[in-house]
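Overview (structure and organization)
Read off the chains here:
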Amino acid sequence: MLVSLIRPEILSPLEGWSYYGAHQLLEIAGVPFEVFEVTDGSNLSESQIVVIPNASHPNRLVGVAKRALREGKVVVVGCDIALALLQNNISIGAMPVMPTPLVPDEPSDLLPLKAYALLPVAFTETTLPLLGEPLILSPSSRSLGFARSLDGRRGGLVFIENVEGGTLVVLGGRIFETCGLILSRFSWFAHPHRRDSLLHKVDLLWDEQLKPWHRFPVVSFYAQFLLWLLSAILWERGQILPIRWCLPQENEMPFKMALTALHDVEIIYDDPVWKRSDNPNYRFAEWLDLEQRLGIRSAFFFLSPVTALPPHWHLNYDISDEPVLAALDLIEERYGEIGLLSIAHASENALAMERERLEEIGDVFVWGVRSYKFGNTPASIRHKSAVGFAYDSSWFAGQNEPSFLTGCAHPFRPLDTERWQVLPIVELSAVLDDRVLLGELAGSQRDGDATHLGIQFCETVFALNGMACLSWQQHNFNQSSKVFEQIVRHCIGMTQNSLWFPSPKEIAQWWSIRNEVKVHAKPVGKRWWKVEIKPPEELDEALAFVLGIPAMKEIRAVEEGKVLTVNLLGSLGRMKVWGVPLTLEPNETFAFSIGVLP
């Protein structure tokens, strides 16, 4: 394996977010990696890169870092590990600026996350104990970028130092922790005021250009940054870092963006007493007709409660109504997808019963879930995964304008913040909601610039080769379908026919399979490498896969004397990312050669 990620013993939230942030940054970037528990480094012999997130007891990981450096590897460490290395007389290319901050102060006993809501405001709001300050380091030679503490002190963001034959990469800013914190926001208790004020302070750790962070997918940006950093270091060492491109390909043309649609079905009737399909809120056929003309595919999410509703909640329909059953049949006939708009957040049994009721009454299969009147708890995302949903596409309704609420333009795998486990369910994160876009949730109308804001959102996703989800209410066809169509047509033109139109379940299936593809590369000459790609064991049909090769020069790909197609996918600084479209077959290892042109 090219990259090894060390999973420290997680004794505090800081360690949990640090590990999770590193895990997801590597996964989003497409870097092939394997997770190892804390060891003395004996299992890392085949790795070129070792990533060690921060830990409350960094001295436990110093031995792993030292051994990897002696073996000539690239070792990426967080600032607390770097400080421990410095205390062990190992140069890190910088010195701490006084006063040196301590490891963030946290309770001696590991508290469940809900307990943080009971702590004093000064603990949760002012000192940022869940995230922690960066270690302000002054470079002895040079550094990349800068980090800033909450009191305004500035220091380097990344330091690179040659140590004992290896290359040490020090992250002065808490990139892993911050990205892990932002990505896991859907796993927190639904406490919007504390959550928002906490996250806005995260901005202060990053470059001023990134404020406000919610308008910029900072996590996807740092995934690209980490990919560039690792690729550039390996290139200088005469090596390459093959990656799993974040999108599939068709006819040997890699896609450069994905676009899908989600429709919450909250209202079907204009008068719930008269349950008729001939009313202005019954717009299933119109949406399906429009999407067929545009080529986009969608999912409709239906309510199917099995538990008592809060007194102020009044549902507009029941899943057993004849017009609703007719809509389900129509969606299935037109190759649409059915999802669950769930009310049951806190109970795995109730959530499973909601899904079963929708599937049994509607005679459908449900792949995905969205939360109605968002109210997640740390356990609810685990329940969604345990029930067997392929994806979750919930969004937090505390926004007044289009936002990257998890800082991400890509799907990702969420975190169970009670057990600190990365769950297999996929989050569809870059959600553009029509009620937010049109200003309805802010009590205003944004008709004039709504299309512009939606296009701006999608252009940002495209710049990072991400996946956007247009979330439009089913009954709002007359009010918002024109904006929907304008955004989709702009994306089609912007991507020049390299736009992928998957259903939401196809995104989840692709992301899960793509992350399990194993990639190995070894040099066979001065400018040539042998690359082996092994598909996941559970793959049961051909996979349209793209292998990315970051390189400073143009590459050539050859399989048994046959020259393979190579496409230019994009840039990483001065490096280009070249894509080799491949078709992976089940249970077959694909091997070919990569050469760099002189």
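1. As for the overall build of the protein chain
Counting its secondary structure elements, the protein chain contains 15 helices and 31 strands. In the protein chain, which comprises 598 residues, the proportion classed as buried is 60%. In the protein chain, the proportion of contacts linking residues at least 24 apart, taken out of those at least 6 apart, comes to 74%. Here the protein chain displays about 23400 Å² of accessible surface, and carbon together with sulfur accounts for 50% of that area.

2. Examining helix H7 (residues 218–236)
Between its first and last C-alpha, H7 extends 27 Å over 19 residues, near the 27 Å set by a 1.5 Å rise per residue. Taking burial as the measure, the 19 residues of H7 include 14 buried ones, the bulk of the element. Of the residues trailing H7, Gly238 is marked for its positive phi of about 80°.

3. Remarks on the sheet that holds strand E24 (residues 518–523)
Spatially, E24-E25-E31-E27-E28 is the arrangement adopted by the five strands of the open sheet, whose pairing is antiparallel. Looking at which strands have only one partner, the edges of the open sheet turn out to be E24 and strand E28 (562–563). As judged from the two bridges shared by strand E27 (residues 555–559) and E28, these two strands associate in the antiparallel manner. Bridge pairing in E28 links Val558 to Val563.

4. Observations concerning unusual backbone geometry
Residue Glu164 is not a glycine yet carries a positive backbone phi of 50°. For Glu164, the position within the fold is in the loop between strand E8 (154–163) and strand E9 (166–171). Of note in the backbone geometry, Asn587 takes a positive phi value of approximately 65° without being a glycine. Within the secondary structure, Asn587 sits in the loop between strand E30 (575–584) and strand E31 (590–596).

5. Quick notes on the pattern of salt bridges
Think of it this way: side chains of opposite charge can pair up when their charged atoms draw near. Within this structure, the stated rule accounts for 18 salt bridges. By sharing partners, the salt bridges in this structure join Asp264, Glu266, Arg370, Asp433 and Arg435 into a single network.

6. Brief notes about the side chain of Asp392
One can find Asp392 in strand E17 (residues 391–392). Asp392 sits in the buried class, given a relative accessible area of 0%. Only 3.2 Å separates the side chain of Asp392 from the side chain of Lys384, close enough to count as a polar contact. Sequence-distant contacts of Asp392, defined by excluding residues within four places in its chain, comprise Val369, Arg370, Ile381, Lys384, Ile425, Val426, Glu427 and Leu428.

7. Topic: a negative patch on the surface
The grouping of Asp329, Glu332, Glu333 and Asp363 at the surface amounts to a negative patch. Take Glu333: it is sitting in helix H9 (residues 322–333).

8. A few points about the packing of helix H8 (residues 284–294) against H9
The interhelical angle for the contact between H8 and H9, taken along N-to-C directions, is 10°, at an axis separation of 10 Å. In terms of their interaxial angle, H8 and H9 are classed as roughly parallel. Within the contact between the two elements, H8 uses Phe284, Ala285 and Leu288 and H9 uses Ala327, Leu330 and Ile331. Residue composition of the contact of H8 with H9, by class: six nonpolar, no polar and no charged.

9. A word on the packing of aromatic side chains
For the structure shown, the criterion picks out 17 aromatic pairs. With a centroid separation of 5.4 Å and 80° between ring planes, the pair formed by Trp17 and Trp420 is classed as edge-to-face. One end of the pair, Trp17, is in helix H1 (residues 13–29); the other, Trp420, is in the loop between strand E18 (415–416) and strand E19 (421–422), and 403 residues separate them in sequence. For the residue pair Trp17 and Trp420, the accessibility class agrees, reading buried in each case. A cation over an aromatic ring shows up here: Arg355 above the ring of Phe389, its NZ or CZ 4.7 Å from the ring centre.

10. A closer look at the environment of Lys66
Mapped onto the elements of the fold, Lys66 is located in helix H2 (residues 59–70). Once the C-alpha coordinates of Lys66 and Leu85 are considered, the two residues, 19 residues apart in sequence, prove to be 8.3 Å apart. Residues within four places of Lys66 in sequence aside, it is in contact with Leu85, Ile90 and Glu164.

11. Some points on the sheet that holds strand E10 (residues 243–244)
As summarised here, the arrangement of the four strands in space is E10-E26-E30-E29, forming an open sheet in which the pairing is antiparallel. One side of each edge strand has no neighbouring strand; the edge strands of this open sheet are E10 and strand E29 (567–572). As paired elements, strand E26 (residues 543–551) and E30 share nine bridges and run antiparallel to each other. What sits directly across from Val546, in E30, is Pro581.

12. A closer look at the side chain of Ser4
Looking at the secondary structure, you find Ser4 in strand E1 (residues 3–7). Ignoring sequence-local partners within four residues, the contact set of Ser4 consists of Glu34, Phe36, Leu44, Ser47, Ile49, Val50 and Val51.

Scoring rules and cut-offs
- Residues numbered from 1 in each chain as written.
- Predicted model: local features only at pLDDT ≥ 70, side-chain atom pairs only at ≥ 80, totals over all residues.
- Heavy atoms only, no water.
- Helix = DSSP H or I, 4+ residues; strand = E, 2+ residues; numbered from the N terminus.
- Buried < 20%, exposed > 50% of the residue type's maximum accessible area, 1.4 Å probe, protein only.
- Contact = heavy atoms within 4.5 Å.
- Areas by Shrake-Rupley, 256 points an atom, 1.4 Å probe, with all protein chains shown as cover.
- Expected span 1.5 Å × (residues − 1).
- Pairing = 2+ DSSP bridges.
- Salt bridge = Lys/Arg side-chain N within 4 Å of Asp/Glu carboxyl O.
- Polar contact = N/O pair within 3.5 Å; in protein donor to acceptor, adjacent residues only side chain to side chain.
- Patch = residues over 30% accessible without salt bridge, like charges linked within 9 Å, V, L, I, M, F, W, Y side chains within 5 Å.
- Lys, Arg positive; Asp, Glu negative; His and termini not counted.
- Charge placed at Lys NZ, Arg CZ, Asp CG, Glu CD.
- Axes fitted to C-alpha atoms, helices over the stretch in contact; angles between N-to-C directions.
- Parallel < 35°, antiparallel > 145°, perpendicular 65-115°, else oblique.
- Nonpolar A, V, L, I, M, F, W, Y, C, P; charged D, E, K, R; others polar.
- Phe/Tyr/Trp six-rings, centres within 6.5 Å; stacked < 30°, edge-to-face > 60°.
- Lys NZ or Arg CZ within 6 Å of the ring centre and 35° of its normal.

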